[in-house]
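# Remarks on the overall topology
What follows is the residue order along each chain.
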Amino acid sequence: MSEQKTIHIAGKWRSAVSGATREVLDPVDATVLAVVAEGATADTDAAVSAARAAFDGGEWPATPVAERAELLRRTADLLQRDRERIGLLESLDAGKTLEEGRVDVDCVSAAFRYFADLVTGESAGRVVDAGSPDIHSVVVHEPVGVCALITPWNYPLLQASWKIAPALAAGNTFVVKPSEITPLTTAALIELLVEAGLPAGVANLVTGPGDPVGARLAAHPDVDLVSFTGGLTSGTKVMRAAADSVKKVALELGGKNPNVVFADACATEEGFDTAVDQALNAAFIHSGQVCSAGSRLIVEESLRERFVAELARRADLIRLGRGTDPGVECGPLVSAGQLARTEEYVASALSEGAVLRAGGERPDGPGYFYRPTVLDGCHRLMRVVREEVFGPVLTVETFRTEDEAVALANDTEYGLAGAVWTADQGRARRVAGRLRHGTVWINDFHPYLPQAEWGGFGKSGIGRELGPAGLAEYREAKHVYQNLAPRPVRWFAG
């Protein structure tokens, strides 16, 4: 299989300076999907140099807001034109179902349109009352500069768009580094940006490993902002590397997300069915490889046995396979490493006393598949409860009182997302208000809106994506103070 040139610098596609390549594997059967360029420090430096030149001397930062917004809308239209092709590519590369791939393309299109609308709907600046008619004072917002965008393997297209769309809307240039495991749809997105008319040098792409590519981007003195989505360990390394040049840092580092179910939510058969169905969705969509996965089921003690029994029964019925095959509901894990990690966590949980209610094994056949797994009898001291697995593993804890439910849900070093299920609206509002998580769902799990900020408390990260705050991450505030009637101050006699 010939190399696909996946390094894009100053408007040109190229191979790595070293000539190195990497095989991108199909997680269904470990066959080669593509051979891509394997960039390193020299490629990264060239990409940053191109982005720097495009920002300092190029046209994009000074392009009128309406024109920048129109390019974002054209990109959204092109994504919809190529929805089937890109959705299929996302399915093959990340191992998700084809329908999930299509939904991802729709979500990316929505993000581009949202940020286009947001920037065009803004005023020219915020006027500040200086207390004198002789003073005109205004706060304006300008692009940060060169942005390093480092994205994860689980939602490669979606996570790239959450960074690229606001960065472009604000007038920045960027270098994006996708995960070396799933780089294909990020390259496809860059192709569409070029087709939409983005000037050369504004969008640059380097495929390659976190070290050296991501590490160099985080430390590079000509990078003004680094936005990273990924694991906690890698995120802390990014933060340290960025410190010497005092660049802006935005981190989204995952979560260990509680799904709290009160018994009154299941008082009817419809309520019971809905809560069980949503607990499955929360934990097992994309094989649990979701930063906001509801991997901690915290269920009221009186409901526990009935709820967990039905949950486990349905989990055992989930159909695994290639995401493009009819009837498949869940694909493989993304890599052999992720499969081994999942197996290790389950083994650890069982050794610590967890009770296996469903799954807990690989199915027969090739690929990186793992059965959706339900672990009952879990408690906070278990690693599988404390640490992010990023696999199809659901742990079960129980509570008796509302205070106990809140304490369990907040007993995590993360704080990305969580949910509460109850028929009592007063309780729903109380619990949602007390949960220390960046997104809280009431009687639902997983939906997000591009208009609403996304991010977490604690070790889930710093900053926000999406919403007005997601755009603000890619801007600097400038206060312009104009004296309309200057006169001597006479502070010093002379």
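Reading the values: rules and limits
- Residues numbered from 1 in each chain as written.
- Predicted model: local features only at pLDDT ≥ 70, side-chain atom pairs only at ≥ 80, totals over all residues.
- Heavy atoms only, no water.
- Patch = residues over 30% accessible without salt bridge, like charges linked within 9 Å, V, L, I, M, F, W, Y side chains within 5 Å.
- Areas by Shrake-Rupley, 256 points an atom, 1.4 Å probe, with all protein chains shown as cover.
- Salt bridge = Lys/Arg side-chain N within 4 Å of Asp/Glu carboxyl O.
- Helix = DSSP H or I, 4+ residues; strand = E, 2+ residues; numbered from the N terminus.
- 1 Å grid on protein atoms, 1.4 Å probe; cavity = no way out; pocket = protein on both sides within 12 Å on 5 of 7 lines; lining within 4 Å.
- Points joined across faces, edges and corners; volume = space filled by probe spheres on them.
- Nonpolar A, V, L, I, M, F, W, Y, C, P; charged D, E, K, R; others polar.
- Buried < 20%, exposed > 50% of the residue type's maximum accessible area, 1.4 Å probe, protein only.
- Phe/Tyr/Trp six-rings, centres within 6.5 Å; stacked < 30°, edge-to-face > 60°.
- Pairing = 2+ DSSP bridges.

### Here's the deal with a nonpolar patch on the surface
A surface patch of nonpolar side chains, amounting to about 260 Å² of accessible area, comprises M1, L25 and V32. One can find V32 in strand β5 (residues 32-37).

### Brief notes about the layout of surface pockets
If a probe the size of a water molecule is rolled over the atoms, the empty space left behind becomes visible. The space that makes up the largest pocket amounts to roughly 920 Å³. Taken together, 36 residues form the lining of the largest pocket, with W153, F228, G230, G231 and S234 sitting closest to its centre. Considering every element that reaches the lining of the largest pocket, the biggest residue donor is helix α8 (residues 232-243), with six residues. The residue makeup of the lining of the largest pocket, split by class, is 15 nonpolar, 13 polar and eight charged.

### Re empty space enclosed by the protein
Tallying each qualifying case throughout the model produces two cavities of 30 Å³ or more. Taken as a whole, the largest cavity spans an internal volume of roughly 80 Å³. Lining the largest cavity are 13 residues, and of these G288, A293, S295, E388 and F390 lie nearest its centre. Residues that form the lining of the largest cavity fall into these classes: six nonpolar, five polar and two charged. Size it by volume and the second largest cavity reaches roughly 50 Å³. Taken together, K163, S227, A250, L251, E252, W454, G455, I462, G463, R464 and E465 make up the full set of residues lining the second largest cavity. With three residues, strand β12 (residues 248-252) is the single largest residue contributor to the lining of the second largest cavity. Here the residues of the lining of the second largest cavity sort into four nonpolar, three polar and four charged.

### Overview of the environment of D104
Along the polypeptide, D104 turns up in helix α4 (residues 98-120). By relative accessible area, which is 5% here, D104 ends up buried. Between the C-alpha atoms of D104 and E473, which are 369 residues apart in sequence, the distance is 23 Å.

### Brief notes about the packing of aromatic side chains
Evaluated as defined, the whole model comprises eight aromatic pairs. With a centroid separation of 6.2 Å and 65 degrees between ring planes, the pair formed by W162 and W454 is classed as edge-to-face. Taken together, the residues span a long stretch of sequence, with W162 in helix α5 (residues 156-169) and W454 in the loop between β19 (439-442) and β20 (461-462) at a distance of 292 residues. Using a relative accessible area of 5% as the deciding quantity, one classes W454 as buried. Summarising the aromatic geometry, the rings of W441 and W454 are spaced 6.4 Å apart at their centres and angled 40 degrees between planes, so their arrangement reads as tilted.

### Focus on the sheet that holds strand β1 (residues 3-4)
The sheet built from three strands is open, its strands ordered β1-β5-β4 with mixed pairing. The open sheet has two edge strands, β1 and β4 (21-25), and neither has a second partner. Of the pairings in the sheet, the one linking β4 to β5 comprises five bridges and is antiparallel in character. Pairing of L25 across the sheet is with V32, part of β5.

Everything listed is a geometric property; what it means functionally is a separate question.
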